[in-house]
Amino acid sequence: MITPRLLVLQPSTSNPPARLGEWLSAAGATLDLVECGAGTVPATLDEHDGVVCLGGAAGALDDIAHPWLVDVRTILSHAVAKRKPVLAVGLGAQLLAVATGGQVRRGPAGPEVGVLLVAKRDVAGRDPLFADLPWTPDVVQFHRDEIHLLPPGAEHLAASPKYDNQAFRVGQSAYGLQFHVETTTDVVLDLVRDDPELAATARPGALDRERLDEGHRDVEEVWRPFADRFVALVRGELPPAGHLGIDLPLV
């Protein structure tokens, strides 16, 4: 069996791969973790079969404060051009959107925080990763910014009542998830301590440990199989979207 090698980009020490890293490893992938602020983001993907890009507190265009964002957007664009699978969450999804022609802005409806539901769009029923998800899966939200415009030609896969562009696919196999599936209760509580102003916008009780524990159990039930399917996609065992009868633009 082929062991796929994934480049894992970590924009913030507060947003580790956590459970997503465990799920990907258990599914047979080898993970090469790069802390973007401390390490060098590779210029090519010659040694990697796919990319995972995690979340963080930076804005997708905060290049002055975080100059490495340019390198992250470049490698994400490179991955799409080379048709290498991408799984980008949180800030990672925003970076993927900007890197491929979308737009990100401060969310005019205010933050989304807590364990909440998103709803699949009809087209998601034909997507190799999203087809088997329930129509309203649980996710973890912790963001101020929104993906205002999807990249040209992107498939819109999921929405929430507050912000429409919750999940999308660019090309055959580059996925952006505005929400988080990788967190643990302790990771979320660390985010709460780091950004109490953002956390204060959550519904009362939404960030209690018991509620977060319950929510993360629901998230794992749905999104661990999704991570398995992503590894199968990287390995070549699962056909990408372009092989399911969907006409996709060249990126």
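Residues numbered from 1 in each chain as written. Predicted model: local features only at pLDDT ≥ 70, side-chain atom pairs only at ≥ 80, totals over all residues. Heavy atoms only, no water.

## What to know about the overall build of the protein chain
Put simply, the rule reads: For helices the rule is a DSSP run of H or I covering at least 4 residues; for strands it is a run of E covering at least 2, with both sets numbered from the N terminus onward. Here, residues are in contact when the closest pair of their heavy atoms is within 4.5 Å. Here Asp and Glu are counted as negative and Lys and Arg as positive; His is not counted, and neither are the chain ends. Where a charge sits is defined by one atom per residue type, namely NZ (Lys), CZ (Arg), CG (Asp) or CD (Glu).
A tally of helices and strands in the protein chain yields 6 helices and 12 strands. C-alpha atoms of the protein chain, sized along the principal axes, occupy 45 × 40 × 35 Å. Expressed as a percentage of contacts within the protein chain between residues at least 6 apart in sequence, the contacts between residues at least 24 apart total 75%. The positive charge centre, built from 22 side chains, and the negative charge centre, built from 34, are 3 Å apart in the protein chain.

## Thoughts on the packing of aromatic side chains
Using the following cut-off: Two aromatic rings, drawn from Phe, Tyr or Trp (for Trp, its six-membered ring), form a pair once their centres lie within 6.5 Å of each other, and the interplanar angle then sorts them: stacked below 30 degrees, edge-to-face above 60, tilted otherwise. Whether a residue is buried, partly exposed or exposed follows from its accessible area with a 1.4 Å probe, protein chains only, as a fraction of its type maximum: under 20%, in between, or over 50%, in that order. Here, over-ring charges are defined by two tests on the NZ atom of lysine or the CZ atom of arginine: distance to the ring centre within 6 Å, and angle to the ring normal within 35 degrees.
Applying the stated criterion across every chain yields a total of 5 aromatic pairs. With centroids separated by 4.9 Å and ring planes inclined at 65°, the aromatic side chains of Trp223 and Phe226 adopt a geometry described as edge-to-face. Taken together, the positions of Trp223 and Phe226, both in helix α6 (residues 209-235) and 3 residues apart, correspond to about one turn of that helix. Note on accessibility: Trp223 and Phe226 belong to one class, buried. Grouped by ring-pair contacts, the aromatic residues Phe130, Tyr175, Phe179, Trp223 and Phe226 constitute a single cluster. It is Lys120 that lies over the ring of Trp135; its NZ or CZ is 4.3 Å from the centre.

## Remarks on the sheet that holds strand β4 (residues 86-89)
Just so we agree on the cut-off: DSSP-based pairing: two strands are paired if at least 2 bridges between them are found. In this description, a line fitted to the C-alpha atoms serves as the axis of each element, helices being fitted only across the stretch in contact, and the angle between N-to-C directions of two axes falls anywhere from 0 to 180 degrees.
One open sheet holds the 8 strands; their spatial order is β2-β1-β3-β4-β12-β11-β10-β7, and the pairing between them is mixed. Every interior strand has two partners, whereas the edge strands, β2 (30-35) and β7 (119-120), have only one. The sheet strands contacting helix α2 (residues 68-81) are β1 (5-10), β3 (50-53), β4, β11 (167-170) and β12 (174-177), and the helix crosses β3 at an angle near 140°. Running at roughly 120° to β4, helix α3 (residues 91-99) makes contact with β3, β4, β11 and β12 of the sheet.

## Thoughts on the environment of Val140
Examined against the element boundaries, Val140 turns out to sit in strand β8 (residues 138-143). Not counting the four nearest positions on each side in its chain, Val140 is found in contact with Gly114, Val115, Phe179, His180, Thr183, Val188, His216 and Val219.

## So, the confidence of the model for the protein chain
Convention followed: pLDDT is a residue-level measure of predictor confidence that goes from 0 to 100.
Confidence in the prediction of the protein chain, expressed as mean pLDDT, is 94, and 96% of residues score 70 or more. Note on residues 244-251: pLDDT is under 50 here. Beyond four places in sequence and across chains, it has 19 contacts.

## Thoughts on the environment of Leu87
Position of Leu87 relative to the elements: it lies in strand β4. Under the relative-accessibility criterion, Leu87 is labelled buried at 1%. Along the primary structure Leu87 and Ala158 are separated by 71 residues, whereas in three dimensions their C-alpha atoms are 15 Å apart.

## Section: the pairing of β11
Neither face of β11 is left uncovered, since the one carrying Ala167 and Arg169 and the one carrying Phe168 and Val170 both have all their residues buried. The sheet contact formed by strand β10 (residues 155-159) and β11 spans 3 bridges and is antiparallel. Looking at β11, one finds that Ala158 is bridged to Ala167. Relative to β12, β11 runs antiparallel, the two sharing 4 bridges.

## Observations regarding helix α4 (residues 185-194)
Among all positions in α4, only Thr185, Val187, Val188, Leu189, Leu191 and Val192 are buried. Where the residues of α4 are buried, they touch α1 (18-26), β8, α5 (196-199) and α6.

## Regarding α1
Of all the residues in α1, the buried ones are Arg19, Leu20, Gly21, Trp23 and Leu24. Against the buried residues of α1 lie β1, β2, β3, β4 and α6. At the C-terminal side of α1, Gly28 shows a positive phi close to 110°.

## Describing the side chain of Arg73
Along the chain, Arg73 falls in helix α2. Those residues in contact with Arg73 that lie beyond four places of it in its chain are Ala60, Leu61, Asp63, Leu95, Val98 and Ala99.

## A few points about the side chain of Asp145
Defined as follows: Distance and chemistry together define a polar contact, namely a pair of N or O atoms within 3.5 Å, with one atom able to donate a hydrogen and the other to accept it when in protein, and with adjacent residues in sequence counting only for side-chain atoms on both sides.
Residue position: Asp145 is located in strand β9 (residues 145-149). Judged by relative accessible area, which is 15%, Asp145 ranks as buried. Of note is the side chain of Asp145, whose polar atom sits 2.8 Å from the side chain of Arg106. Apart from residues lying up to four places away in sequence, Asp145 is in contact with Gly59, Gln94, Val104, Arg105, Arg106, Gly107 and Gln178.

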